[in-house]
Amino acid sequence: MSLIVERAGFLSSVQDLGRTGFRQFGVSLGGALDPFAMRVANLVVGNDERAAGLEITLGGLQLRFNDERIVAWCGGDFEVEIGSQSLPAGHVARLQAGDKVKFRTPQIGCRAWLAIFGGVDVPIVLGSRSTDLRANFGGFDGRALRDGDVIPLGSRPESPVPVTRISSWTAPHDWVSPARPSPILRFLRGMDWTRFNASTLQRLTSEPFTVSSDSDRMGVRLTGPELSRGDNIDLISEAVVPGTVQVPPSGQPILLLGDCQTIGGYPKIAQVITFDLGIAAQLRAGDHVRFSEVSMADAHRLLMERERELDRFRIGLTLHAS
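Heads up: these notes are all about the structure in this document. (Residues numbered from 1 in each chain as written. Predicted model: local features only at pLDDT ≥ 70, side-chain atom pairs only at ≥ 80, totals over all residues. Heavy atoms only, no water.)

### Brief notes about the overall build of the protein chain
Note the following rule: By definition, any uninterrupted DSSP run of H or I lasting at least four residues is a helix, any uninterrupted run of E lasting at least two residues is a strand, and each is numbered from the N terminus. Radius of gyration here is computed from C-alpha atoms only, and the compact-globule reference equals 2.2 Å multiplied by the residue count raised to the power 0.38. By the convention used here, residues are in contact when the closest approach between their heavy atoms is within 4.5 Å. Accessible areas in this description were obtained via Shrake-Rupley with a 1.4 Å probe; residue shielding takes into account the shown protein chains only. Just so you know, the count uses Lys and Arg for positive and Asp and Glu for negative, and it drops His and the chain ends. By convention, the point assigned to a charge is CZ for Arg, NZ for Lys, CD for Glu and CG for Asp.
Of regular secondary structure, the protein chain possesses five helices and 20 strands. In terms of overall size, the protein chain behaves like a compact globule, its C-alpha atoms giving a radius of gyration of 20 Å where 322 residues would be expected to give roughly 20 Å. The C-alpha extent of the protein chain, read off along each of the three principal axes, is 65 × 35 × 35 Å. Sequence separation of 24 or more characterises 77% of the internal contacts of the protein chain that already satisfy a separation of 6 or more. When the accessible surface of the protein chain is split by element, carbon and sulfur atoms take 53% of a total near 13900 Å². Here the protein chain holds 34 positive side-chain charges and 36 negative ones, and the gap between their average locations is 1 Å.

Next comes the structure, spelled out in structure tokens:
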């Protein structure tokens, strides 16, 4: 029960929903940079939402399966093929032994998450199967996938998903295809908001920023209008989380992602809301992004409404399978 990585692509790794409960020890959350997309992909194939799958960055991945499997993916605007057939985002496919799945370079966005019925069966480290690419542990030998790797898969009882080849049904479009050509990230004011003058705060919300090539799973470096502080006081390092927007001395902000450090000493001007982290995960070099402030109440409402919709979707999947 395994799959073979015929081509590993630009950067592919094993990820689940991340390593919770260890940040006090300096261990990053990690996991899929869009955990909601990973949850949806797992749900539609019949997995537990926490099952490990694959995160694919900028395509180029080609897999060959050694047994029959149900698969689905969510993410950027990728062209994904099973043999000569196209597999759209959020649709479910039943693979036969020997079938190949190919991820080509995306037109919009940069990441996709592939769920496989039975999950990827690598050892659990600190409560997760995710790969920590900086600390080199977890996942498959603590590293990105390479050509020729044989990835173990979990046991596959009879699949609850009624599909013969590729399903006509899918999850909601915004869930399975979160990438945007002109993204706007909504944020709450950060702890150090008042350390910046009024003109700087206006630039943050009125001017676009460009994604630098010097970006990775730890964070997205942005170039654009300089965000100048109103003081030069040294700050004590404090907790940071995915979505925190820090401003180093250069005045060019850094948007932290899932592999971010646990503490940081740069001033925190903003916090991108959890609901929009999936959009942030799709940012790639050259993209233009804007920021828009929202209230805490709106941030909570968006998240709670999506969770209620997901509850209804789970019920729909159960009825569809019965």
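Having seen it, we continue.
### As for unusual backbone geometry
Worth spelling out the cut-off: For every residue, the accessible area obtained with a 1.4 Å probe (protein chains only) is divided by the maximum for its type, and the residue is called buried under 20%, exposed over 50%, and partly exposed between those limits.
Even without a glycine there, the phi angle at Leu-58 is positive, about 60 degrees. Mapped onto the fold, Leu-58 is located in the loop between strand 3 (53-57) and strand 4 (61-65). By relative accessible area, Leu-58 is classed as partly exposed at 27%. One non-glycine residue, Asn-136, lies in the positive phi region at around 60 degrees.

### Regarding the pattern of salt bridges
Here is the rule we go by: Salt bridge, as applied in this entry: a Lys or Arg side-chain nitrogen positioned within 4 Å of an Asp or Glu carboxyl oxygen.
Counted according to the given criterion, the structure contains 26 salt bridges. Note that Glu-55 and Arg-217 form a salt bridge whose closest N and O atoms lie 2.6 Å from each other. A residue pair is termed long-range when its members are at least 10 positions apart, and Glu-55 in strand 3 and Arg-217 in the loop between strand 13 (209-211) and strand 14 (219-223) qualify at 162 residues. Taken individually, Glu-55 and Arg-217 each receive the classification buried, so the pair is uniform in this respect. With a closest N to O distance of 3.1 Å, Arg-195 and Asp-192 form a salt bridge. Exposure remark for Asp-192: the relative accessible area of 6% places this residue in the buried category.

### Concerning the pairing of strand 14
Cut-off, in case you're wondering: Paired strands are those between which DSSP finds at least two bridges.
Sheet topology note: the strand 13/strand 14 ladder contains two bridges and is antiparallel. Pairing of Thr-210 across the sheet is with Thr-223, part of strand 14. When strand 14 meets strand 17 (residues 254-256), the two strands line up antiparallel, connected through three bridges. Residue Val-220 lies in a different strand from strand 17, and its bridge partner there is Leu-255.

### Looking at the side chain of Arg-19
Inspection of the secondary structure puts Arg-19 in the loop between strand 2 (11-15) and helix 1 (35-45). No salt bridge is formed by the buried Arg-19; its nearest oppositely charged neighbour, Asp-132, is found at 5.0 Å. Apart from residues no more than four positions distant in its own chain, Arg-19 is found in contact with Val-27, Ser-28, Leu-29, Val-125, Leu-126, Ser-128, Arg-129, Ser-130, Asp-132, Phe-137 and Gly-138.

### Notes on the environment of Ser-206
Just so we agree on the cut-off: Between N or O atoms, a polar contact is any pair within 3.5 Å; within protein, one atom must be a potential hydrogen donor and the other a potential acceptor, and residues adjacent in sequence are included only when both atoms are from side chains.
As for its placement among the helices and strands, Ser-206 is situated in helix 3 (residues 198-206). Residue classification places Ser-206 among the partly exposed residues on the basis of a relative accessible area of 38%. A distance of 2.7 Å separates a polar atom in the side chain of Ser-206 from the backbone oxygen of Gln-202.

### Concerning the nonpolar core
Selection rule: By nonpolar core we mean a set of buried residues, namely Ala, Val, Leu, Ile, Met, Phe, Trp, Tyr and Cys, connected to one another through side-chain atoms within 4.5 Å.
Membership of the largest hydrophobic core comes to 81 residues, with the highest contact counts inside it found for Phe-103 and Ile-269. Top contributing element to this core by residue count: helix 1, with eight residues. Those residues in contact with Phe-103 that lie beyond four places of it in its chain are Ile-56, Gly-59, Gly-60, Leu-61, Trp-73, Phe-78, Glu-79, Val-80, Ala-112 and Leu-114.

### Observations regarding the pairing of strand 19 (residues 268-272)
Most of strand 19 is tucked away, with four of its five residues classed as buried. Summarising the sheet, strand 12 (residues 184-189) and strand 19 pair through three bridges and their orientation is antiparallel. What sits directly across from Phe-187, in strand 19, is Val-272. Relative to strand 19, strand 16 (residues 244-246) runs antiparallel, the two being bridged by three bridges.

### Topic: the sheet that holds strand 20 (residues 288-293)
Short version of the rule: Interaxial angle, 0 to 180 degrees, is taken between N-to-C directions of lines fitted to C-alpha atoms, where a helix line uses only the stretch in contact.
Strand order in the closed barrel formed by seven strands is 12-19-16-17-14-13-20, and the pairing between neighbours is mixed. Averaged over neighbouring strand pairs, the angle between their axes works out to 40 degrees when direction is ignored.

### Brief notes about the environment of Pro-35
Within the fold, Pro-35 resides in helix 1. Taking the C-alpha atoms as reference, Pro-35 lies 21 Å from Gln-24; in sequence the two are 11 residues apart.

### Some points on the sheet that holds strand 6 (residues 80-82)
Reading across the sheet, the six strands line up as 7-6-9-4-1-11 and stay open at both edges, with antiparallel pairing between neighbours. The open sheet has two free edges, formed respectively by strand 7 (85-86) and strand 11 (150-152), since each of these has just one partner strand. Two elements, strand 4 and strand 9 (residues 100-103), share three bridges in a ladder whose sense is antiparallel. Within the sheet, the bridge partner assigned to Arg-64 lies in strand 9 and is Lys-100.

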